[in-house]
Structure formats: C-alpha cells, structure tokens
Amino acid sequence: MTEAPPAAAAPNLFARLVGVVFSPKATMERLVASPRVLGALLVGGMIVGLSTGLPQLTESGKQAAIDAQVQQTERFTGRQVSEEQLSLMERTMPYRAWGTIIATPFFTAIGCLLFAGLYFVIFNVVLGGTAEFKQVMAVISHSLFITALGVAAGAPIQYLQGTANPMGPFTLGALLPMLDETSFLARMLGFINVFGLWGTLVTAIGLGVLYRRKTSSIAVWLYALGAVFAAIGATVVGFFTR
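Residues numbered from 1 in each chain as written. Predicted model: local features only at pLDDT ≥ 70, side-chain atom pairs only at ≥ 80, totals over all residues. Heavy atoms only, no water.

### Details of the packing of helix H5 (residues 83–126) against helix H9 (residues 194–211)
Part 1 of the argument: The N-to-C vectors of H5 and H9 enclose an angle of 35°; their axes lie 12 Å apart at closest approach. For the pair H5 and H9, the crossing hand works out as right-handed. Across from Tyr119, Phe120, Phe123 and Asn124 in H5, the residues of H9 making contact are Thr203, Leu207 and Tyr211.
Part 2 of the argument: Across the contact of H5 with H9, the residue classes break down as five nonpolar, two polar and no charged. (Axes fitted to C-alpha atoms, helices over the stretch in contact; angles between N-to-C directions. Helix = DSSP H or I, 4+ residues; strand = E, 2+ residues; numbered from the N terminus. Left-handed = near helix turned anticlockwise from the far one by under 90°. Contact = heavy atoms within 4.5 Å. Nonpolar A, V, L, I, M, F, W, Y, C, P; charged D, E, K, R; others polar.)

Structure, rendered in structure tokens:
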C-alpha cells in the first residue's frame, strides 16, 4: 500500500501547533512528509507540567492538592489519614510540585512513545502499513498539544474551585453531575476528558493521512480503545473504594 504522498516541508513549530488546532488535516499532511517530534513533545510536556505544578506552589493550590491526596488515600486504604501523614504531605508538597514540573515532560514523552508503539504495531504489523515509526511519533506528539491545552485551560478553573482532579474539570462526568458519583458510569465518564476526545480525533486524522485510511473508521477504534481504558480505570477505582 502506498502511504501519504510527498508534500511540502513541515512548517515551523509554532505554525504546526496552531495548525493542529485549526487545520489538523492540512498540518498532518505536511507533517508526515517531513516528520518532526522533539519540539512538539517538549512544548506539550512543559505545558502539562507547568499547568499542573505551578498552582501547587500557591497556598490555595497546595491545599487543594493536599485535600485531593487525603481523599484519594482514604478511599484506597479505607482509613482516615493520621496527623503524621497529613504533616508529611504538607512538608513534601513543595518538592512534589517542583517534581511534577520537572518530571512531567519526561513521563509525557514515555506515554507518547508507548501509544506510538501501539499504533505502529496495529497499523504496520497487523494491518500491513509501511509508515516509519518517526512519522507515527510525529502524529502523536502533535496531538499531545490538544491535551496540553486542556490541562492549561483547566488549571485556573481548578485553582478557583479549590480542587485538584488529575483528569481536570472537563470530563464527561463533570457534564453529568446528576449521576451518582459512586456508580460505575460516573467513574468511567470521569476518566474521559473532552480535550482528550478532541486530541484523539486529531490523532485519527493524522493516522488517516499517514496510512491512507478513513478518519472516521480510525476514530471509532480509538474511541473504543479509550472507552476500554476508562472502563478499566473505573473498575480499579471501584475495587479500591468499596
């Protein structure tokens, strides 16, 4: 099968990031012909890290992060957090905040590598495509920018609300507050982020361009895969919060 046709060289980093937001297909067509990875990966990881870590350096953000950690600990252990544990959380929070800022780009890159590897196996090994891994990685790293935008947009909202949900305020669960938060459906929808859905669509567009396949078909499979991950997450959380 012939892959994406030759196209003009990829535009500069800023133009590519703007492009995945406003004209993802045209941007991906130029990107897969001249794949670029590192810049988008660094920018996306830094945005996520700064948006997550910086609020924790303020008193309000620090308290929200501690409250979230206390709630999570009590849910998973079934026991109330002791004064000693709470004191330790308070002392280590500044280090955790800086650790988040510094380490997030690295772990984000690892996540992108894993997903790129998964898609490479599916489309190249299983379905017989001939794209290079760097091309797949370019698609994933630029789609990351959509997720990063969601984290950046959600950070001030969570700061004002005094919350620190790792999935952010834009989950499908947040759009359906009438659901019982202890139900499986509410937990599952809490793992599905609106910006994540957008980023998945951009990924499907990029993979469709790269492998000469319909975006709609790829999107359906990617959304189904995301639903499976969300269901697994909901099941794990439900198991530990009985």
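### Details of unusual backbone geometry
Trans is the prevailing form of peptide bonds, just as negative phi is the prevailing case for residues other than glycine.
Part 1 of the argument: In this model, arginine 212 sits at a positive phi of 60°, which is unusual for a non-glycine residue.
Part 2 of the argument: Mapped onto the elements, arginine 212 comes out in the loop between H9 and helix H10 (215–240).

### Brief notes about the packing of aromatic side chains
Part 1 of the argument: A full pass over the atoms with the stated rule returns seven aromatic pairs.
Part 2 of the argument: With a centroid separation of 5.3 Å and 75° between ring planes, the pair formed by phenylalanine 106 and phenylalanine 107 is classed as edge-to-face.
Part 3 of the argument: Judged by its relative accessible area of 56%, phenylalanine 107 is exposed.
Part 4 of the argument: For the pair phenylalanine 123 and tyrosine 211, a centre-to-centre distance of 4.9 Å together with 20° between the ring planes defines the contact as stacked. One end of the pair, phenylalanine 123, is in helix H5; the other, tyrosine 211, is in helix H9, with 88 residues separating them in the sequence. Neither phenylalanine 123 nor tyrosine 211 differs from the other in exposure class; each is buried.
Part 5 of the argument: Joined through ring pairs, the aromatic side chains of Phe115, Tyr119 and Phe229 make up one cluster. (Phe/Tyr/Trp six-rings, centres within 6.5 Å; stacked < 30°, edge-to-face > 60°. Buried < 20%, exposed > 50% of the residue type's maximum accessible area, 1.4 Å probe, protein only.)

### Section: the nonpolar core
Part 1 of the argument: Ranked by size, the top nonpolar core spans 33 residues in total, and within it Val20, Met28, Leu41, Tyr119, Val136, Leu207 and Tyr211 carry the most contacts.
Part 2 of the argument: Among the elements of the structure, helix H1 (13–22), helix H2 (24–33), helix H3 (38–53), H5, helix H6 (133–161), H9 and H10 are those that each provide at least two residues to this core.
Part 3 of the argument: By residue number, the principal contributor to this core is H6, which donates eight residues.
Part 4 of the argument: Here valine 20 is in contact with Thr27, Met28, His142, Phe145, Ile146 and Val202, once residues within four sequence places are set aside. (Core = buried A, V, L, I, M, F, W, Y, C linked by side-chain atoms within 4.5 Å.)

### Structural notes on the environment of valine 81
Part 1 of the argument: With respect to the helices and strands, valine 81 occurs in the loop between helix H4 (59–77) and H5.
Part 2 of the argument: Among the residues examined, valine 81 registers a relative accessible area of 14% and is labelled buried.
Part 3 of the argument: Those residues within four positions of valine 81 in sequence are excluded, and the remaining contacts are Val70, Thr73, Glu74, Leu86 and Met89.

### Things to note about H2
It helps to recall that an α-helix has 3.6 residues per turn; residues three or four apart then point in one direction.
Part 1 of the argument: Within H2 the residues assigned to the buried category are Pro24, Thr27, Met28, Leu31 and Val32. Down the axis of H2, the sector holding all buried residues measures 120°, keeping them to one side.
Part 2 of the argument: Buried residues along H2 sit against H1, H6 and H9. (Arc of directions from axis to C-beta.)

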